[in-house]
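Reading the structure
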Amino acid sequence: LPFDDRDGTIWFDGQLIPWRDAKLHVLSHGLHYASAVFEGERVYEGRIFKSTEHSARLVRSAELMDFKIPYSVEEIDRFKMETVAANGIVDGYIRPVAWRGSEMMGVSAQHNKIHLAIATWVWPSYFAPELRQKGIRLAISDWRRPAPNTAPTAAKAAGLYMICTLSKHKAERDGYQDALMLDYRGQVAEATGANIFFAFGDELHTPTPDCFLDGITRRTVIELAKRRGIKVVERAIMPEEMEKAEQCFLCGTAAEVTPVGEIGPYRFTVGDMVRNLMDDYSAEVRRAPAAKAAE
Ligand code: PMP
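All figures in this text were calculated on a predicted structure; none of them were measured in a lab.

Moving on, we come to the overall build of the chain. The number of helices and strands found in the chain is 8 helices and 16 strands. Taking 19 Å as the expected radius of gyration for a compact globule of 295 residues, we find that the chain reaches 20 Å, a close match to that expectation. Along the first, second and third principal axes, the C-alpha set of the chain runs to 55 × 50 × 30 Å. In the chain, which comprises 295 residues, the share counted as buried stands at 53%.

What follows is about the environment of glutamine 110. Take glutamine 110: it is sitting in the loop between β6 (92-100) and β7 (114-121). Exposure remark for glutamine 110: the relative accessible area of 62% places this residue in the exposed category. Residues glutamine 110 and proline 18, spaced 92 residues apart in sequence, show a C-alpha to C-alpha distance of 30 Å.

On to the confidence of the model for the chain, then. Averaged over every residue, the pLDDT of the chain is 95; the share at 70 or more is 97%. Confidence drops under pLDDT 50 across residues 290-295; counting only partners more than four residues distant or on other chains, this segment forms 1 contact.

Let us look at the site of the ligand. Taken together, the neighbourhood of the ligand is formed by 14 residues, with Lys156, Tyr161, Glu190, Thr217 and Thr253 sitting nearest. Contact distances for the ligand include 2.6 Å between a nitrogen atom and a side-chain N or O atom of glutamate 190. In the model, an oxygen atom of the ligand is placed 2.6 Å from a nitrogen or oxygen of the threonine 253 side chain. With the chains in place, 95% of the 380 Å² that the ligand exposes on its own is no longer accessible.

We now examine the pairing of strand β14 (residues 247-252). Within β14, 6 of the 6 residues are buried, which leaves the element mostly enclosed by the surrounding structure. Burial along β14 is two-sided: Gln247, Phe249 and Cys251 and Cys248, Leu250 and Gly252, pointing in opposite directions, are all buried. Summarising the sheet, strand β11 (residues 195-200) and β14 pair through 5 bridges and their orientation is antiparallel. In the sheet register, phenylalanine 198 faces β14, and the bridge partner there is cysteine 248. Judged from the 4 bridges that link them, β14 and strand β15 (residues 256-263) form a sheet pairing that is antiparallel. Note that in β15 the partner of cysteine 251 across the bridge is valine 257.

With that settled, consider the packing of aromatic side chains. Enumeration over the complete set of coordinates arrives at 16 aromatic pairs. Between tyrosine 71 and phenylalanine 79 the ring centres are 5.1 Å apart and the planes differ by 90°, which places this aromatic pair in the edge-to-face class. Centroid distance tryptophan 121 to tryptophan 123: 6.4 Å. Interplanar angle 35°. Geometry classified as tilted. Accessibility expressed as a relative area gives 14% for tryptophan 121, which makes it buried.

So, about the side chain of asparagine 112. Tracing the chain through its elements places asparagine 112 in the loop between β6 and β7. A polar atom in the side chain of asparagine 112 sits 2.7 Å from the backbone oxygen of glycine 101. When sequence neighbours within four positions are dropped, the list of residues in contact with asparagine 112 reads His29, Arg100, Gly101, Ser102, Glu103 and Met104.

Turning to the nonpolar core, a few remarks are in order. One finds Val37, Phe67, Ile69, Tyr71, Ile76 and Leu116 to be the most contacted residues of the largest nonpolar core, which totals 25 residues. Those elements giving two or more residues to this core turn out to be α2 (51-64), α3 (73-86), β6 and β7. A total of 4 residues in this core trace back to one element, the largest contributor, which is α3. Mapped onto the domain boundaries, this core takes at least three residues apiece from domain 1 (9-121) and domain 2 (129-286). The residues touching phenylalanine 67, leaving out its near neighbours within four places in the chain, are Ser35, Ala36, Val37, Ala62, Ala98, Trp99, Arg100 and Ile114.

Criteria and thresholds
Residues numbered from 1 in each chain as written. Predicted model: local features only at pLDDT ≥ 70, side-chain atom pairs only at ≥ 80, totals over all residues. Heavy atoms only, no water. Helix = DSSP H or I, 4+ residues; strand = E, 2+ residues; numbered from the N terminus. Rg over C-alpha atoms; globule rule 2.2 N^0.38 Å. Buried < 20%, exposed > 50% of the residue type's maximum accessible area, 1.4 Å probe, protein only. pLDDT = per-residue confidence, 0-100. Contact = heavy atoms within 4.5 Å. Near = heavy atom within 4 Å. Polar contact = N/O pair within 3.5 Å; in protein donor to acceptor, adjacent residues only side chain to side chain. Areas by Shrake-Rupley, 256 points an atom, 1.4 Å probe, with all protein chains shown as cover. Pairing = 2+ DSSP bridges. Phe/Tyr/Trp six-rings, centres within 6.5 Å; stacked < 30°, edge-to-face > 60°. Core = buried A, V, L, I, M, F, W, Y, C linked by side-chain atoms within 4.5 Å. Domains from an automatic or database assignment.

Right under this line is the structure:
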């Protein structure tokens, strides 16, 4: 079903409107100059996982792009819940997006209106369940994540995704599920929509997020690993070091925790570290009712 032709309602600049009417003009600054930021969030059993963190990141991403969303974090949290309720979503995905409108058309957009829309839909699993069993296959992209003084790398900004789409398309054409991108220094950075972790012995290592998104799932996984007493090391990881890593996984709102079996010439097993963290993550997002958890 194409995304512009569905039933349901989308929250658009302050009101819930029919899904098919949520349109914008072709001379929107956001379309021409990528002055747009967005979020990706999941709803589990009717609750938005880490809603406030996502709303705060959306507001922060806009600030990094030099615009201000005309709503507070609390308001955005409330609008998301209204959208979820209006669409009867119990388990699904939420996509808030903010962009500059069409008052000025040119590089400068000092006076453009800032728009906000929120859509939600059912989106079970980013990678097919059978792939998650044995681990997905990643190609190593030729595209590199830019330096923090080349692009606003801490923002979840639309423009940063052109490299992701190019990397993912090339990987898919070559028969892979996703791509690993290195950063401007040649260090391991992230996949096209998820962060990456490696098990070296009984330690968990992950790249320091100094030029790519410090995912909310990434931070959750670090917390879950620490709860298990696993030592977590954030550091620069060079691609050749993947030779010595036994296990690997991606994590992100959409991908959740997804085991990786292969990255270019490197091979990984789906072992206890990955399986335990997959289980911990799915328990954490559903947060069993207190009575059950106490059993
Ligand atoms: N990196 C990129 C490029 C992403 O698109 C995402 C998904 N938003 C992530 C990392 C993971 O972020 P999060 O865990 O906050 O979803």
